[in-house]
Amino acid sequence: MRSLSSFAEWHRRRGCLALMAVVLLSSRAWAEDPAAVEDVVPPPLTHYKGREIAPTMGYLGAPWLVREERAREENSPKLLDALKVRPGQVICDLGCGNGYYSLDLARLVGPEGRILAVDIQPEMLHLLELRAKRAKLEHIEPIQGTFIDPKLPEGGVDLVLLVDVYHEFSHPEHMLQGIRRSLKPDGRLVLVEFREEDPTVPIKPLHKMSRKQILKELEPNGFRLVEAYEELPWQHVMFFVRDDAAEKSID
């Protein structure tokens, strides 16, 4: 698994440069038009609630996301089964990259459903569009989000899926607020992260999260844990609802 750790280190260096560029552009926008403060990205966090935030993976790493062995290593078909997707649902693949999960989700919701594929990198979204076109899937909607806003419709999403991406959010509270607003009354946020508790998972610690840390971050931001699935080889799968939803929490 040496390739996984080396790739993580590579995109850490690229992500730092990309984030610095965004901060510089935001500062320039503030200087040129102070009235546009709501459009300016606040300074990124380096740590959140005791956790170091990982940088965003650059689009040049897109082939790694659709590598042939991924389904075997992570058992992605099992994750899709655990989501219990229904035809006609509106699902957001947040941090979709080039659409590894978006295409399968589109097949599961069917043509009467809708996939909102969100990423901050237009290059990733272009690659997603090419893959969706080849697969003849027309109900995938690419959305270019920002570091502080996933650009989702308010109260219109059945399920928001985040696969190995939350730990990269430079503004986690802003993003969680945006996700919370987007959920239908019975909507769910599904967080998938590599298990920090398991030293055999061949991922650098910076790209892992523990169940305890996940709860430490999501619960104060208006979410309740209602289900956990621990049958994947490497990852936690944790299902959250809004804290004002009727669905009961689990311990």
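Refer to the structure presented above.
First things first, this report covers the structure right here in the doc. What you are looking at is a predicted structure, and each value in this text was computed from that prediction instead of being measured.

What counts and what doesn't
Residues numbered from 1 in each chain as written. Predicted model: local features only at pLDDT ≥ 70, side-chain atom pairs only at ≥ 80, totals over all residues. Heavy atoms only, no water. Helix = DSSP H or I, 4+ residues; strand = E, 2+ residues; numbered from the N terminus. Buried < 20%, exposed > 50% of the residue type's maximum accessible area, 1.4 Å probe, protein only. Contact = heavy atoms within 4.5 Å. Areas by Shrake-Rupley, 256 points an atom, 1.4 Å probe, with all protein chains shown as cover. Salt bridge = Lys/Arg side-chain N within 4 Å of Asp/Glu carboxyl O. Core = buried A, V, L, I, M, F, W, Y, C linked by side-chain atoms within 4.5 Å. Phe/Tyr/Trp six-rings, centres within 6.5 Å; stacked < 30°, edge-to-face > 60°.

## Description of the overall build of the chain
- When helices and strands are counted, the chain shows 8 helices and 10 strands.
- Looking at the 251 residues of the chain, the share that counts as buried comes to 53%.
- The contacts in the chain between residues at least 6 apart in sequence include a share of 71% that link residues at least 24 apart.
- About 12,300 Å² of surface is accessible on the chain, with carbon and sulfur atoms providing 54% of the total.

## Side note on the pattern of salt bridges
- Scanning the entire structure with this criterion turns up 16 salt bridges.
- The partner of E217 in a salt bridge is R51, with the nearest N and O atoms 2.7 Å apart. Taken together, the residues span a long stretch of sequence, with E217 in helix α8 (residues 211–218) and R51 in strand β2 (residues 51–52) at a distance of 166 residues. Neither residue differs from the other here; E217 and R51 are each classed as buried.

## Describing the nonpolar core
- Core analysis: the biggest nonpolar cluster contains 32 residues, and L83, L105, I140 and L161 have the highest contact counts within it.
- Contributing elements (two or more residues each) for this core: α4 (76–83), α5 (102–109), β4 (114–119), α6 (122–134), β6 (157–163), β7 (183–195), β9 (223–229) and β10 (235–242).
- Y166, M175, L176 and I179 belong to the second-largest nonpolar core, a separate cluster that totals 29 residues.

## With respect to unusual backbone geometry
- Positive phi outside glycine occurs at N75, with the angle close to 50°.
- Residue placement: N75 occurs in the loop between α3 (70–74) and α4.
- Take N75: its relative accessible area is 27%, and that puts it in the partly exposed class.
- Despite not being glycine, K151 shows a phi value in the positive range, around 60°.
- Position of K151 among the secondary structure elements: in the loop between β5 (140–144) and β6.

## Things to note about the packing of aromatic side chains
- For the structure shown, the criterion picks out 3 aromatic pairs.
- Between Y166 and F169 the ring centres are 5.5 Å apart and the planes differ by 75°, which places this aromatic pair in the edge-to-face class.
- Judged by its relative accessible area of 0%, Y166 is buried.
- With a relative accessible area of 9%, F169 lands in the buried category.
- Relative to W234, the ring of F194 has its centre 6.2 Å away and its plane inclined at 50°; by these criteria the two rings are tilted.

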